[in-house]
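Remarks on the overall topology
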Amino acid sequence: MEEQQLVARVRAGDARAERALYDEHVDRVYRLAYRMAGDDDLAREFAQETFIRVFDRIGQFRGEAALGTWIRSIATSVVLNGLRKVKRFRQREVGLEIARSAGGGQRQAEPDLKEKLGRAIDALPNKYRMVFVMHDVEGYTHQEISQQLGMQLGTSKAQLSRARARLRESLAEFAGEWAS
Amino acid sequence: MTEERFQEFLRAEARDYNEPPATPTDEMWRGIEAERAAREGRRWPQRWHHRAVRSPWVRWSVGIAAALVVGIGIGRFSGQGMPSGTQMAADSAEQAAESAPSPYRWVAAEHLGQVEIFLTGFQVDARAGIPLQSTTAPAQQLLSTTRLLLDSPASEDVQMRALLEDVELVLAQIAQLEGDEGEGEEEELDLIDDNIDQRSVLLRLQTAMTAEAGVAGGQGAL
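Since the model is a prediction, treat every value here as computed from it, not as a measurement. (Residues numbered from 1 in each chain as written. Chains lettered and ligands numbered in written order. Predicted model: local features only at pLDDT ≥ 70, side-chain atom pairs only at ≥ 80, totals over all residues.)

As for the overall build of chain B
Assigned secondary structure in chain B consists of ten helices and zero strands. Relative to its 222 residues, chain B shows a buried fraction of 28%. (Helix = DSSP H or I, 4+ residues; strand = E, 2+ residues; numbered from the N terminus. Buried ≥ 20, exposed ≤ 12 C-beta atoms within 10 Å, placed from the backbone.)

What follows is the structure, given as structure tokens:
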């Protein structure tokens, strides 16, 4: 089904069309929500809220961008705003990670690096983290990121660059891993 | 060269970061259907639904306040001639609510005028790094009125509803500023500032006012 046709049917309240739209886009929305939340319940909550808003606001979709871009721009907004509310949850999670690593036996280079990288990514400001996750983890282009986050292309590149610089600082002790 | 290697290294190592499981497609769909049905079932208090922390008495008091807002609107505008002074500027924002019943349009127009003044000041201060300690109370007041309007016939107009929803989001963020830990304050301010720009909130408020000035006065006086 053509995108325009699908949107028209969703606007008309066609339940099958709603499900078709959902099936088409849910995977990328959930993946991004999970990458950012690091928690299944939160990721589900963010993804569900995204589609509730999509169906609620489908009348406002003017087709200037692709439907997927519009949906994911709603998703990023839901995720970023949602994460602000669960800051405490994330801090608790990081605390548990630290406790777990402190209690572990012999250190192995690989897991230690992964853990450190994970914590360094967690510690990034959410806007930088979103750009980093979208680009370096999920493989979005800067064009897609800028459209979905409503920012200039240059801003997306600058934020990715700052995110990487912070990660590089945090991982300085592992410099040998990429210098060799 | 080292930078390129670092980027490659990062991409390879970060691949496992919060690796998502298989998407629970059907489960989430059932959740969406249930939630939408629940929201549809109580259409009037829909705006409050996801703010589950609000207790029933808050809903009652908000309902009463809504009645007061409308009553004030009717009392203020229905028996009088042209509004004066600052009301003139605010009145022009009513364009977006053209299809709504008249008293609600007046209230919405005045409210949007106040929001525009507040957000303009907020953005200037935030960008200049001026402390924003006194912004919470007015943001909360404006937020309350915005939510009342969202549940009134003023929001039956699609454009007005979209504008009010975006205004609500931005005001809610500002209203929460002082409650947050200092560490994230700068990020919060950036996010709010971006939201105002991305959603073109000020531009849309100003456009609504300019359009109304043309309709009301036929001279584009604003």
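A closer look at the interface of chain B and chain A
Listed as interface residues are 30 residues of chain B and, on the opposing side, 37 residues of chain A. Elements supplying a minimum of two residues to the side of chain B that touches chain A: α1 (2-13), α2 (25-41), α8 (158-175) and α9 (185-198) of chain B. In terms of residue count, α1(B) provides more of the side of chain B that touches chain A than any other element does, eight residues in total. Taken together, the residues of the side of chain B that touches chain A sort by class into 14 nonpolar, seven polar and nine charged. (Contact = placed C-beta atoms within 7 Å. Nonpolar A, V, L, I, M, F, W, Y, C, P; charged D, E, K, R; others polar.)

Structural notes on the confidence of the model for chain B
Residue and element names in this part refer to chain B. Residue-level pLDDT values for chain B average 69, and 57% of them are 70 or greater. Looking across chain B, the model is least confident in helix α3 (residues 46-49), with a mean pLDDT of 40, and most confident in α2, with 90. Confidence drops under a pLDDT of 50 for residues 44-64, and excluding neighbours within four residues, the segment shows eleven contacts in the predicted structure. Interface predicted TM-score (ipTM) for the complex: 0.83; the corresponding pTM is 0.53. (pLDDT = per-residue confidence, 0-100.)

Considering the nonpolar core
Most often, soluble globular proteins have nonpolar side chains that are buried together. One finds Ala33(A) and Ala47(A) to be the most contacted residues of the largest nonpolar core, which totals 44 residues. Elements represented by at least two residues in this core include exactly α2 (15-37), α3 (40-57), α4 (67-85), α6 (109-122), α7 (126-137), α8 (142-149) and α9 (153-170) of chain A together with α2 of chain B. It is α2(A) that provides the largest number of residues to this core, a total of ten residues. Those residues in contact with Ala47(A) that lie beyond four places of it in its chain are Val26(A), Val29(A), Tyr30(A), Ala33(A) and Met28(B). Counting 28 residues, the second-largest nonpolar core is a separate cluster that includes Leu143(B), Ala154(B), Leu163(B) and Leu205(B). (Core = buried A, V, L, I, M, F, W, Y, C linked by C-beta atoms within 7 Å.)

What about the packing of α8(A) against α9(A)?
All names here are of chain A. Relative to each other, α8 and α9 sit at 105°, their axes nearing to 8 Å. When the axis of α8 is compared with that of α9, the two are roughly perpendicular. Facing His142, Gln143, Ile145 and Ser146 of α8, the residues of α9 in contact are Leu153, Thr155, Ser156 and Lys157. Its residues assigned to classes, the contact of α8 with α9 comprises two nonpolar, five polar and one charged. (Axes fitted to C-alpha atoms, helices over the stretch in contact; angles between N-to-C directions. Parallel < 35°, antiparallel > 145°, perpendicular 65-115°, else oblique.)

Observations concerning the packing of α3(A) against α4(A)
All names here are of chain A. At a minimum axis distance of 9 Å, the contact between α3 and α4 shows a crossing angle of 130°. With respect to each other, α3 and α4 are oriented oblique. For the pair α3 and α4, the sense of crossing is right-handed. Across the interface between the two elements, Phe46, Glu49, Thr50, Arg53 and Val54 of α3 pack against Ile71, Ile74, Ala75, Val78, Val79 and Gly82 of α4. Considering only residue class, the contact of α3 with α4 consists of seven nonpolar, two polar and two charged. (Left-handed = near helix turned anticlockwise from the far one by under 90°.)

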